[in-house]
Amino acid sequence: MLKCRTVWRKLAPLARASSTVCRQNARRAGLNNGRLPACVPAAQMSTAPAGGGRENQLYILLVGATCVGGAIYAYQTVKGDSQRYQDRIDEISSRPVKKLGEEPAVTQSEPPAAVPKAAPSPEGPSLPAPDAEIPTPIETAEPPPADEPAVEASLEVAAAPPAALIVEEEPPAAEPAEPQPGVVAEADEPAIEASPEEAAEPPVVEPEPSPPTEPAPAELAEPLAESEPPAAESAAAEPVEPQPGVVAEGDASAASHKASSHTPYLLIGGGTASFAAARSIRARDPGARVLIVTDESVPPYMRPPLSKELWFSDDPSVTETLRFKQWNGKERSIYFQPPSFYINAEELESAENGGVAVLTGRKVVHMDVRGNKIKLDDDTEISYDKCLIATGGVPRNLQVLERAGEEVMKRTTLFRKVEDFKSLDKVSRNVKSITIIGGGFLGSELACALGRRSTESDLEVIQMYPEKGNMGKVLPEYLSNWTTEKVKKEGVKIISEALVKSVVSKDDKLEIQLKDGRLVKTDHIVAAVGLEPNVDLAKSAGLEVDSDFGGFRVNAELQARANIWVAGDAACFYDIRLGRRRVEHHDHAVVSGRLAGENMTGANKPYWHQSMFWSDLGPDVGYEAIGIVDSSLPTVGVFAKATAKDTPKAATEESGTGIRSESETEHTASSPVASSAPSPTDVQHKDEYGKGVIFYLRDKVVVGIILWNVFNRMPIARKIIKDGEEHTDLNEVAKLFNIHDD
């Protein structure tokens, strides 16, 4: 009607003009003939003489066309609205509610009636399913915050398949209460400043506490996890011991190759960020159903030990058990949780209390962001309400290796996953020479690890890189040279300033031709030359990829779209202090995954965390770093003489954990006590780099810090970068780290 009225207003002047023209024509005709026609006073547009008939016909045509067009438009609009309404009703009616109603018939006779009250399990609660499960989708979106802590402790236990074991241990009322402090801290954190993010780092760390009692939520919570997990670990050592072995061998209960057609929370990627997000979602929404889709054959695990502690294990079956001793002597598994923690992906939709399921061996090949669904490599489609992309990255390769042919690639390892560790471990026991290309963190760690092994066998370990020294892109030149000598003492042959020209397979050897004419013969090559963010889904999903740093561009809340978040290595975020960045470290994966999980449940928190990373060259030399650490920046180093306590081994013994980011506490950051010792003379100690602090400057402001054999002081470094102040005397700033105390 509005359109018709508008058209009429535009045509009204034309109508009046046409009538006037008709009367004037008639009057002129009368004057010319000497008489006035009787019909003139009654002249109308529709009955006017021939002089004005054309305009009348045009007017009638326009008005008629407008009326018909308006009617057609109104009809189509009403019809389209009706169709969309009907489609929405059909979609809602076809959702899991129908399937849930059919499930009780399958599981009704399995559990005893008394079991659900003690500890709900995926099977036990199915008797009252018709009444209990129908509102579950609503609860997923609106979790009752008041009941979060108490429910989290019991509901996540309910996700574990062996319900009988859980019921036996649950009756004591004190058991479920233990995990509550961790859950409360995790759900009630006010902001992502120093303490919250540091608190988030423990999640990845203590996966071994007993699955039945599930104290693990504290790992993603407050710093109290530092002292609690060791106690829980020793108390529950006996029941937990055999489970990680099962995970490493077959993952029968954790692995699944089929899933339901819809999940409220979908996590793409099976790494640290996904696991941290899953725990965070469950902490805030105890009834949440979370599905993790990974192309690996195992559930989520931590990657740092693959290039560190696992290589120093004395257990010949370490590749099967994937258990290792930390520098402090405590043993643990690389898996965050045993198989009993997860529920079967096929049962996720019918689980009354929700849970976390892992769909292994499946890759997401297409993402429909408008339809809120994904497509797997087996053509399975899964719809979702909210999605996290945590696809991580893929190892970068050298073009000369890719062009060298299939035979060379068969004898080349791109180190990243559990399978790569197992493969390289086997190779190192059967060949006489291994060459590592790359002088960064991964290359130097593997060189030291394999160098140790070479002292026990006839293995020759060679490390080559284009820089002058180890980690030359990160460390100042003097410290890089010192590190190179340290790596040589581990039994590694160093070839610096080496640019690979070609690689060929000849006489059962790989011949590496360098651009300066040098020739290196080896049996196997390990390429450790960086990581490329996995953004394969960007094209189908229509998501923006950063042209400078790579990765999916996200906002301050790690959102790429309205219901899509990105975390971990694949996220390119904006740092309010250091600008847009993309970080490829364990700590960042933990904290960004945890924050993304909170925001997926409605927290709306910004990502302000300054993530740290660490690297160990064996149990005696290690460092922690934060911010932008680039050797091209001006640096100021302050060093002191090291003691027996200044080693990674001693640091883990003191903190009780092997993942050093776990030992950070807000107390350390908020109340630093400066050392009273006299200031040192900068880096004038010749080759005396036992321990110290290296400051990286940009426009006279500290933008990066490396703590060299100085541990458990990262919150202080984080605060210095956050303040963004210009310091006239960095020797005084170094006193905050107490590097001169014995």
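Bear in mind that the values here come from a model prediction, so they are computed numbers and not experimental data.

(A) Quick peek at the overall build of the protein. Summing up its helical and strand segments, the protein has 28 helices and 28 strands in all. Taken across its 742 residues, the protein has 54% of its residues classed as buried. Taking the contacts inside the protein whose residues are at least 6 apart along the sequence as the reference set, 72% of them involve residues at least 24 apart.

(B) View of the packing of helix 16 (residues 272-284) against helix 24 (residues 586-600). At their nearest, the axes of helix 16 and helix 24 sit 7 Å apart, and the two run at 35° to each other. When you trace helix 16 past helix 24, the crossing you get is right-handed. Packed against helix 16, whose contacting residues are T272, A273, A276, A277, S280, I281 and R284, the element helix 24 presents H586, A589, V590, G593, R594, G597, E598 and M600 at the interface. Looking at the contact of helix 16 with helix 24 residue by residue, the classes come out as seven nonpolar, five polar and three charged.

(C) Examining helix 27 (residues 714-723) more closely. Buried residues dominate helix 27, accounting for seven of its 10 residues. The complete set of buried residues in helix 27 reads M714, P715, I716, A717, R718, I720 and I721. With its phi angle positive at about 60°, G724 sits one or two positions after the end of helix 27.

(D) Layout of the sheet that holds strand 17 (residues 524-527). Strand order in the open sheet formed by five strands is 10-17-11-12-13, with parallel pairing between adjacent strands. Where the open sheet ends on each side, the last strands, each with one partner, are strand 10 (412-414) and strand 13 (492-495). Averaged over all neighbouring strand pairs, the angle between strand axes comes to 20°, with direction disregarded. As judged from the four bridges shared by strand 12 (residues 460-464) and strand 13, these two strands associate in the parallel manner. The residue of strand 13 that forms the bridge with Q463 is I494. The strands touched by helix 21 (residues 441-454) within the sheet are strand 11 (433-437), strand 12, strand 13 and strand 17, with strand 12 carrying the most contacts at an inclination of about 160°.

(E) Broad picture of the pairing of strand 17. Taking every second residue as pointing to the same face, both faces of strand 17 are buried, with H524 and V526 on one and I525 and A527 on the other. Where strand 10 and strand 17 come together, three bridges link them in parallel fashion. Bridge pairing in strand 17 places L414 opposite A527. Two strands pair when backbone bridges link them, and strand 11 and strand 17 are joined in this way by four bridges, in the parallel orientation.

(F) Local environment of the sheet that holds strand 24 (residues 612-616). The strand order across the open sheet built from five strands is 24-25-28-27-26, with neighbouring strands paired in antiparallel fashion. Pairing within the sheet leaves two strands with one partner each, and these edge strands are strand 24 and strand 26 (635-640). Taken pair by pair, the neighbouring strands of this sheet meet at an average axis angle of 15°, ignoring direction. In this structure, strand 25 (residues 622-627) lies alongside strand 28 (residues 701-708), joined through five bridges in antiparallel fashion. In the sheet register, I626 faces strand 28, and the bridge partner there is I705. Sitting on the sheet, helix 21 touches strand 24 and strand 25, and the angle it makes with strand 24 is about 25°.

(G) Expanded view of the side chain of T484. Relative to the helices and strands, T484 is located in helix 22 (residues 477-489). Contacts of T484, omitting those with residues within four sequence positions, involve Y465, G469, N470 and I494.

(H) Main features of the side chain of S260. Relative to the helices and strands, S260 is located in the loop between helix 15 (242-249) and strand 1 (262-268). Separated by 3.2 Å, the side chain of S260 and the backbone oxygen of H262 make a polar contact.

Cut-offs and rules
- Residues numbered from 1 in each chain as written.
- Predicted model: local features only at pLDDT ≥ 70, side-chain atom pairs only at ≥ 80, totals over all residues.
- Heavy atoms only, no water.
- Helix = DSSP H or I, 4+ residues; strand = E, 2+ residues; numbered from the N terminus.
- Buried < 20%, exposed > 50% of the residue type's maximum accessible area, 1.4 Å probe, protein only.
- Contact = heavy atoms within 4.5 Å.
- Axes fitted to C-alpha atoms, helices over the stretch in contact; angles between N-to-C directions.
- Left-handed = near helix turned anticlockwise from the far one by under 90°.
- Nonpolar A, V, L, I, M, F, W, Y, C, P; charged D, E, K, R; others polar.
- Pairing = 2+ DSSP bridges.
- Polar contact = N/O pair within 3.5 Å; in protein donor to acceptor, adjacent residues only side chain to side chain.

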